Protein chains: 2
Amino acid sequence: MDVKIINPFLEAAVNVLKTMAGMEARPQKPYLKNDSIAKGDVSGIIGITGDAQGSMSLSFTESCIKAIVSNLFGTPVNELNEEVKDAVGELTNMICGDARRRLESNNILLQSGTPTVVAGKNHSITHVHKGPCIAVPFSTEAGDFVVEVAFNNS
Amino acid sequence: MDVKIINPFLEAAVNVLKTMAGMEARPQKPYLKNDSIAKGDVSGIIGITGDAQGSMSLSFTESCIKAIVSNLFGTPVNELNEEVKDAVGELTNMICGDARRRLESNNILLQSGTPTVVAGKNHSITHVHKGPCIAVPFSTEAGDFVVEVAFNNS
């Protein structure tokens, strides 16, 4: 999996969180994901088609997503309710859309399905595809999240 | 959301489980899904693009998926390990592919991303899209599963 298809997703995550929630997200060391334990309590998942076929997920700790959505809504959020789940879906959409626009300028054309949000302590996520899955942890002042990008080898 | 785009997913679920695992799945009464509690312990999720944009999920009870994968592998499966999660991903792929072929004969052309599998007791799934989400429960001799199909209104 070429790094040129991964980096736009990471740049998009930083950009969307800064623009929408005023949140600075600092990327940490990427790693190849071999286990399937999502490092978070809420995950947004989106399927990707077009010049590459795959999936992207964002997994947030509870403290991190509450802080992000509080900034997004402009009012404190204290529980992981349906509004927070919808917001995770919209963030997933926005980050994927931003990444797709960045890839278009490299002539890589992708489409995406609609996002699905999973909530639950200690849930695991497995991307089932033919290729490596790259995980990039991010830290913010309010906690951590992980972006995972998985594409079939083409 | 037109029923003609939903039914092929249900027919595909019945067909794939019968063909691959020798399992009879009987559809129960469909309902509009308003809450986000997946009725199962393991879910396969796949994003859909093309003439309609959406997502499909399959949520299995632990007993049901163990029985299905035992039949699929031809050997008893006693825990929800990585092989079972991969099998859920492949079933998700096969059901979505079968549905897409059925829809092609109605001139509805869909593509799909790669599947993602979520495992965890009491996890919730929310399809974030602009339109209704149809849930169809199925019963089998080994337990129940639910197929959910969500598409943006076009």
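Note that the structure is a prediction, hence the values are computed from the model and not measured.

(A) Highlighting the interface of chain B and chain A. Across the contact, 33 residues belong to chain B and 33 residues belong to chain A. Overall, the association of chain B and chain A removes approximately 2500 Å² of surface from exposure, summing both partners, and the carbon and sulfur fraction of that is 49%. Here chain B and chain A share zero salt bridges between them. Taken together, the links from chain B to chain A amount to 15 residue pairs in polar contact (both at pLDDT 80 or more). Listing elements by their share of the side of chain B that touches chain A, those giving two or more residues are β3 (42-50), β4 (54-60), α3 (82-104), β5 (110-112), β6 (116-119) and β7 (124-127) of chain B. Here the side of chain B that touches chain A gets five residues from one element, more than from any other, and that element is α3(B). Of the residues in the side of chain B that touches chain A, the class split is nine nonpolar, 19 polar and five charged.

(B) Local environment of the relation of the copies chain B and chain A. Once turned by 180° and shifted 0.0 Å along the axis, chain B lies on chain A with an RMSD of 0.0 Å. In symmetry terms, the pair is related by a two-fold rotation axis. Across chain B, the smallest distance between a C-alpha and the rotation axis is recorded for B:G47, namely 2.1 Å. When you check the interface residues of chain B against chain A, 100% turn up at the interface there too, and the contact is symmetric in its surfaces.

(C) Looking closely at the confidence of the model for chain A. Looking at chain A as a whole, its pLDDT mean stands at 91, while 95% of the residues score no less than 70. Interface confidence in the predicted complex, given as ipTM, is 0.89; pTM for the same model is 0.92.

(D) Examining the packing of helix α2 (residues 62-73) of chain B against α3(B) more closely. Residue and element names in this part refer to chain B. Between α2 and α3, whose axes approach to 10 Å, the crossing angle comes to 85°. In terms of orientation, α2 lies roughly perpendicular with respect to α3. Within the contact between the two elements, α2 uses I65, I68, V69, L72 and F73 and α3 uses E83, V84, A87, V88 and L91. Its residues assigned to classes, the contact of α2 with α3 shows nine nonpolar, no polar and one charged.

(E) Highlighting the packing of aromatic side chains. In the structure shown here, the tally under the stated rule is six aromatic pairs over all chains. Considering the side-chain rings of B:F138 and B:F145, the 4.9 Å spacing of their centres and the 5° angle between planes classify their relative orientation as stacked. Across this residue pair, the class does not change: B:F138 and B:F145 are buried. These aromatic residues form a ring-pair network of at least three members: A:F60, A:F138 and A:F145.

(F) Representation of the pattern of salt bridges. Within this structure, the stated rule accounts for 16 salt bridges over all chains. Residue B:E62 pairs with B:K66 through a salt bridge whose shortest N-O separation is 2.8 Å. Of this pair, B:E62 and B:K66 both sit in helix α2, four residues apart, which is roughly one turn of the helix. The partly exposed category is assigned to B:E62, whose relative accessible area is 21%. What emerges from the salt-bridge pattern is a single network uniting A:D41, A:E62, A:K66 and A:K121.

(G) View of the environment of A:N81. Residues and elements named next belong to chain A. Looking at the element boundaries, N81 is found in the loop between α2 (62-73) and α3 (82-104). Take N81: its relative accessible area is 25%, and that puts it in the partly exposed class. Along the backbone, N81 and A119 are 38 residues apart, and their C-alpha atoms lie at a distance of 9.7 Å. A polar side-chain atom of N81 sits 3.0 Å from the main-chain amide nitrogen of V84.

(H) Geometry of the pairing of strand β7 (residues 124-127) of chain A. Neither face of β7(A) is left uncovered, since the one carrying A:S124 and A:T126 and the one carrying A:I125 and A:H127 both have all their residues buried. Of the pairings in the sheet, the one linking β7(A) to β6(B) comprises four bridges and is antiparallel in character. From the neighbouring strand, A:T126 faces β6(B), where its bridge partner is B:V117.

Here is what the cut-offs are and how they apply
- Sequence order as written defines the numbering, with residues in each chain counted from 1.
- As they are written, the chains are lettered A onward and the ligands numbered 1 onward, keeping that order.
- The predicted nature of this model means local features are confined to residues of pLDDT at least 70 and side-chain atom pairs, given and counted, to a pLDDT of 80 or more, with totals for whole chains, interfaces and linings taken over all residues.
- Side-chain numbers come from the whole structure's heavy atoms, not from hydrogens or water.
- Any two residues whose heavy atoms approach within 4.5 Å are treated as being in contact.
- When two components associate, each loses some accessible surface as probed by a 1.4 Å sphere; the sum of these losses over both components is called the buried area.
- A carboxyl oxygen of Asp or Glu within 4 Å of a side-chain nitrogen of Lys or Arg is what we treat as a salt bridge.
- Contacts described as polar in this section are N or O atom pairs within 3.5 Å, which, within protein, must combine one atom able to donate a hydrogen with one able to accept it, while residues neighboring in sequence count only if both atoms come from side chains.
- Under the DSSP-based scheme used, a helix requires at least four consecutive residues in state H or I and a strand at least two consecutive residues in state E, with every element numbered from the N terminus.
- In this count, Pro and Cys sit with the nonpolar residues alongside Ala, Val, Leu, Ile, Met, Phe, Trp and Tyr, while Asp, Glu, Lys and Arg are called charged and the others, Gly among them, polar.
- For the least-squares superposition of copies, only C-alpha atoms count, and only for residues with pLDDT at least 70 in both.
- How sure the predictor is of each residue is captured by pLDDT, a score from 0 to 100.
- Fitted lines through C-alpha atoms give the axes, limited to the stretch in contact for helices. The angle between two N-to-C directions lies from 0 to 180 degrees.
- Oblique is the label for every angle not falling under 35 degrees (roughly parallel), over 145 degrees (roughly antiparallel), or within 65 to 115 degrees (roughly perpendicular).
- When two rings of Phe, Tyr or Trp (its six-membered ring) have centres within 6.5 Å they constitute a pair, described as stacked for plane angles under 30 degrees, edge-to-face for angles over 60, and tilted for the intermediate range.
- When accessible area is computed with a 1.4 Å probe and restricted to protein chains, residues below 20% of their type maximum are described as buried, those above 50% as exposed, and intermediate ones as partly exposed.
- At least two DSSP bridges between two strands are needed for those strands to be called paired.

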